[in-house]
Amino acid sequence: MEENLVIVESPAKAKTIEKILGKDFLVKSSFGHIRDLEKKDFGVDINNNYQPNYIISEDKKKVVSELKKFAKSAGKIWIASDEDREGEAIAWHLMEVLHLDPLKTNRIVFHEITKEAILKAIEHPRRLNKDLVDAQQARRVLDRLVGFEISPVLWKKVKPSLSAGRVQSVAVRLIVDREREIINFQSVPFFRVNAVFLVPEKGDKISLLKAELNNRFETAEEARAFLEKCRGAQFTIADIVTRPAKKSPAAPFTTSTLQQEASRKLGFPVGLTMSVAQKLYESGLITYMRTDSTNLSDEAIKAAKKKIISSYGEKYVKIRHYKTKVKGAQEAHEAIRPTYFDQEEVSGTSQEQRLYSLIWKRTLASQMADAEIERTTVNITVSKASELFVATGEVLRFDGFLGVYMESSDDESLTEEEKGLLPQLTVNQKLDPDFIQVLERFSQKAARYTEASLVRKLEELGIGRPSTYAPTITTIQQREYVVKEDREGNERTFLALTLREDKITEEVKSEITGTEKAKLFPTDIGLVVNDFLVKYFEPIVDFNFTASVEKQFDEIAEGQLVWNEMIDTFYRPFHLKIEDALNNSERARGERILGTDPATGKPVSAKIGRFGPFVQVGEVVEGIDEKPLFASLQKGQSIETISLEEALKLFDLPRDLGEFEGKKVIVGIGRFGPYIRHDGNFVSLKKGVDEPMTVTIDRAIELIEEKREHTIKSVLKTFDEDQEIRILEGRWGPYISFKKGNYKIKKGTDINLLTVADCKLIIETEGAKPKINKRRVKK
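Residues numbered from 1 in each chain as written. Predicted model: local features only at pLDDT ≥ 70, side-chain atom pairs only at ≥ 80, totals over all residues. Heavy atoms only, no water.

Looking now at the nonpolar core. With 150 residues, the main nonpolar core has Phe110, Ile150, Leu154, Leu355 and Phe537 as its most contacted residues. For this core, the leading source of residues is helix H5 (residues 130-157), giving 11 residues. Val199, Phe226, Val378 and Leu425 belong to the second largest nonpolar core, which has 30 residues in total. (Core = buried A, V, L, I, M, F, W, Y, C linked by side-chain atoms within 4.5 Å. Buried < 20%, exposed > 50% of the residue type's maximum accessible area, 1.4 Å probe, protein only. Helix = DSSP H or I, 4+ residues; strand = E, 2+ residues; numbered from the N terminus.)

Written as structure tokens, this is what we have:
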């Protein structure tokens, strides 16, 4: 009999803890949650105070059976799941399923998987915190009710197979609102003036002094007029101001800031950041990675101080105690930090090493001295004008924390030019310009969200919590409401005016603008679903409402609110809106009228259909057999931005690519997307790789031959006596292909023993079965 049984939620965590505790402790994993809400009837008994109906999933029955066996023979049981609400819920489910006595079961928590932390937790166990469990249960129940009630409305009113979530829908709204802000943005040109002055120094050396005018002009005429004033003008240094300045380090990482910085510095998606951080935590290398606190323990601060002194010296130390600005943050928790500061590097994958290094540097820098900077500003007058040229220089007098770490920014408008030493200058010194240049610039649209900036916005609005950011962003991409992708920019012309040796020259130059890298874009279906939810379920996608729900979860966790009363307050008015939307809302297609087809005079529109966004020429008119023409939108095209000209080009398909084996090769777009047709057979174009307007005959032949090879490999058996009957390997196993029909073969059947007669019997039996619509219908 094992004296001590410790149950954790992760096998990797179990392995690390078992090494620490030794042979007197048996450490087992539950492999996450052992049960979840039943799928049938929401999994929530609405008429019984919203009581959840939990079931043990099939893949966890063996785990539960083993845990029951170990629990029965253990002298003491310790549940060591994570310290957050989800971890507390896992502990509660274990107690319920394993029939553990809450008064005799020890609940232990720790911020880091170190010997000191675990032994301290063993010495100070606590009882299960039911308030934390209820807060997690309230979130799970509320999200289930929202998802299961709104989704059927979307199926009926927008498109089959759609789904909606509470926090995810708000995230999509943020991205949709930003996209529309960008689409509607009108860029305004302005003119910026820069000068390069020649400064003589000792000997024959000439230094360059760069300066910018303190005024920007609205028109090219104003800019030309200013350059005219600069002809023959004197440029004089009016004053030189030198001021000391300081830069302070950023606070240690929270979940949100780690996700943001790993995205900016390492290019990690937020889901990858959390996955790698989880491995580092379970290996005992960092503290718990789901936290909204910037607090560091006294022991951690002492360890950081010792490391700084040994590596950099006493003058680099500055002890700081950070306070979290996020509402509802739990200061009792710690920031994400290394468990041991003397461990600068770790073994493991490249991703683990890079993320650990980021955490180590950020935490150490947070306890280091400010960087000391000397900033110099030089004002230069123009004798014939009232404007001033301003030159700035910056000298780093003491690097402080910058010797270890500097925080990145999401602000794309910030172009950090390196500001170095200025030449030796004196007040009233005359300067000769090498040249003065006016460049036409343009006001900038708001930046599209990256995963990092979306996390920051969600946190600012109080939407979601550390454990929800990554799943939210992953889910909206999996549901194809949002895509993360790179997009090429567009060429833009701009005017450049240059004054050199009293001569003004003009030149029209070009540049690429609007290039996007790893940005979040709403899809057409995302736009349509968002608009439908905003119209009929505005509270669900209201930022303040969603943030207030998070606060109520916090209140439940603190024992200030009863969880099912909170659910009831939300659910009753919400369910009325569901019924109203089902009965009274119009079908949402996101339709946009583009204009009239000049060839036929028929209206051209873009809208959402069952198989995605498409363009339609003509309308369905009762009594007239002529049907409208349809064409699917191509990659990069959107209902909101496609023009009439672009839409009509889609009807240039089908396109004749040439011949292969004496037969025509045609490319077109059908109800299931773009295809190649050859000799009566169809081959789909590869999504994201091939485009019907640009695919070549060589590529089409390559796709045709690929499909032939795949078809040959999928044929399991043929019959000489009836060559129309074939047994093929399909996605769900072997099946019979006969004429244009496919017929299922019962699982476990030995296909080698099947005869033509057997196959015909299966065809007859399967063909006689009524077709069942498997889509969920309202009872």
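From this point, the narrative continues.
As a further point, take the pattern of salt bridges. Throughout the structure, instances matching the rule amount to 51 salt bridges. Note that Arg320 is salt-bridged to Asp370, the shortest N-O span being 2.7 Å. Of this pair, Arg320 sits in the loop between helix H10 (298-311) and helix H11 (350-365) while Asp370 sits in the loop between H11 and strand E12 (371-382), and the two are 50 residues apart along the sequence. Each member of the pair, Arg320 together with Asp370, is buried. Through salt bridges with shared partners, a single ionic network connects Glu9, Lys13, Asp82, Asp84 and Arg290. (Salt bridge = Lys/Arg side-chain N within 4 Å of Asp/Glu carboxyl O.)

For the rest of this paragraph, the subject is the environment of Ala238. Here Ala238 is to be found in strand E11 (residues 235-247). On the basis of relative accessible area, Ala238 is assigned to the partly exposed category, the value being 36%. Separated by 336 residues in sequence, Ala238 and Phe574 place their C-alpha atoms 67 Å apart. Setting aside residues up to four positions removed in sequence, Ala238 forms contacts with Asn379, Ile380, Thr381 and Val427. (Contact = heavy atoms within 4.5 Å.)

Once that is clear, we can look at the sheet that holds strand E1 (residues 4-8). Spatially, the four strands line up as an open sheet ordered E2-E1-E7-E8, and their pairing is parallel. Each edge of the open sheet carries a strand with a single partner, namely strand E2 (25-29) and strand E8 (106-107). Strand direction decides the pairing type here: strand E7 (residues 76-79) and E8, joined by two bridges, are parallel. Residue pairing across strands places Trp78 opposite Asn106, the latter belonging to E8. Each of E1, E2 and E7 is contacted by helix H2 (residues 61-73), which is oriented at about 160 degrees to E2, the strand it contacts most. (Pairing = 2+ DSSP bridges. Axes fitted to C-alpha atoms, helices over the stretch in contact; angles between N-to-C directions.)

Attention shifts here to the packing of aromatic side chains. Think of a pair of aromatic rings as described by two things: how far the centres are apart, and how the planes are tilted against each other in angle. All told, the structure shown has 19 aromatic pairs when counted by the stated rule. Ring centres 6.0 Å apart and planes at 85 degrees place the aromatic pair Phe42 and Phe148 in the edge-to-face group. Of this pair, Phe42 sits in the loop between strand E3 (35-37) and strand E4 (44-45) while Phe148 sits in helix H5, and the two are 106 residues apart along the sequence. What makes Phe42 buried here is its relative accessible area of 15%. With 5.8 Å between their ring centres and 70 degrees between their planes, Tyr50 and Tyr571 make a pair best called edge-to-face. Of this pair, Tyr50 sits in the loop between E4 and strand E5 (51-52) while Tyr571 sits in helix H16 (residues 563-584), and the two are 521 residues apart along the sequence. On the basis of relative accessible area, Tyr50 is assigned to the buried category, the value being 3%. Taking relative accessible area as the criterion, Tyr571 reaches 6% and is therefore assigned buried. One Lys or Arg, Arg487, reaches over the ring of Phe521 and ends 3.6 Å from the middle of that ring. (Phe/Tyr/Trp six-rings, centres within 6.5 Å; stacked < 30°, edge-to-face > 60°. Lys NZ or Arg CZ within 6 Å of the ring centre and 35° of its normal.)

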